[in-house]
Amino acid sequence: ISFSFETSLPGSPPLAPNCYIIEQIESFGFILRNKSPLRCTSNSMVFCSEAPYTDELYALKVSTNKARIITEFENSTKIQKSPYLVKYFDIFDANTSIFFQMELCSYGDISNKKMDEPFIWKLIHDVGSALDILHNSGFMHMDVSPSNILMADNQVFKLGDFGSLCEIGQFEVGKEGAGPYVSPEALMYPGNETER
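Residues numbered from 1 in each chain as written. Predicted model: local features only at pLDDT ≥ 70, side-chain atom pairs only at ≥ 80, totals over all residues. Heavy atoms only, no water.

Q: What am I meant to see in the pattern of salt bridges here?
A: Taken as a whole and judged by the stated rule, the model has 8 salt bridges. In this structure, K61 engages E72 in a salt bridge whose closest nitrogen and oxygen atoms are separated by 3.1 Å. Of this pair, K61 sits in strand β5 (residues 57-63) while E72 sits in helix α2 (residues 66-77), and the two are 11 residues apart along the sequence. By relative accessible area, which is 1% here, E72 ends up buried. (Salt bridge = Lys/Arg side-chain N within 4 Å of Asp/Glu carboxyl O. Helix = DSSP H or I, 4+ residues; strand = E, 2+ residues; numbered from the N terminus. Buried < 20%, exposed > 50% of the residue type's maximum accessible area, 1.4 Å probe, protein only.)

Written out as structure tokens, the structure is:
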């Protein structure tokens, strides 16, 4: 038996890479492996790049939402390191965009991936371990969805997107996560009734 996690959800059109963004990335010394992004969302793009002065490959997230990227980076510094969490390294602030250097998980996210049952059990273990680390660090991850679960070369599942973390007991309206994956508790949070 194999299962598929599909996320063909309607949403905002993704950002389109343009020459200016690519020039900004390269001005920080990053070398793009491909001018096409690995992933596009409504407010960010992720590229595969070599870091300055190394041959190592990283994921480079590009966004115009500077506040969210800075929050994501700050949250990453407050969490215990774990093989089940995506590693975050540095941020680079450009004029109109911000770049976030993080671990490249070469198999990408689990959206639209088919998996056999043993991999499903491994997925449950790895994501459960990631959530345990986050909870022990005092955070809740408000967007555990297929697009935020990535698979590394060593076939370890890793949880990413720390921009949607909330401190335990400090829920914020607007951080409910991706629509179809929002928990009933978040939807029922006092004051959130009009947000549905």
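Q: Sorry, what's going on with the pairing of β5 here?
A: Along a regular strand, successive side chains alternate from one face of the sheet to the other. Burial runs high along β5: 6 of the 7 residues are buried. The pairing of strand β4 (residues 44-50) with β5 spans 7 bridges and is antiparallel. Note that in β5 the partner of S44 across the bridge is S63. Direction of pairing for β5 relative to strand β7 (residues 98-103): antiparallel, over a ladder of 6 bridges. From the neighbouring strand, L60 faces β7, where its bridge partner is Q101. (Pairing = 2+ DSSP bridges.)

Q: Would you explain the confidence of the model for the protein in this entry?
A: Interpretation of this model should avoid reading the predicted coordinates in detail wherever pLDDT is low. The predicted model of the protein averages 83 in pLDDT, with 79% of residues at 70 or higher. When mean pLDDT is taken per element in the protein, strand β11 (residues 157-159) scores highest with 97 and strand β1 (residues 2-5) scores lowest with 45. Low confidence marks residues 1-14, where pLDDT is under 50. Its contacts with residues over four positions away, or in another chain, come to 35 contacts. (pLDDT = per-residue confidence, 0-100. Contact = heavy atoms within 4.5 Å.)

Q: Would you mind going over the packing of aromatic side chains with me for this structure?
A: For any pair of aromatic rings, geometry is given as the distance between the ring centres together with the angle between the planes. For the structure on display, the rule yields 8 aromatic pairs. Centre to centre, the rings of F28 and F99 are 5.7 Å apart; their planes meet at 75°, and the pair counts as edge-to-face. One end of the pair, F28, is in the loop between α1 (19-27) and β2 (31-32); the other, F99, is in strand β7, and 71 residues separate them in sequence. Using a relative accessible area of 29% as the deciding quantity, one classes F28 as partly exposed. Look at F99 and you get buried, because its relative accessible area is 1%. Aromatic side chains F119 and F157 sit 6.3 Å apart centroid to centroid with 90° between the ring planes, which places their arrangement in the edge-to-face category. One end of the pair, F119, is in helix α3 (residues 117-136); the other, F157, is in strand β11, and 38 residues separate them in sequence. With a relative accessible area of 1%, F157 lands in the buried category. These aromatic residues form a ring-pair network of at least three members: F28, F30, F92 and F99. (Phe/Tyr/Trp six-rings, centres within 6.5 Å; stacked < 30°, edge-to-face > 60°.)

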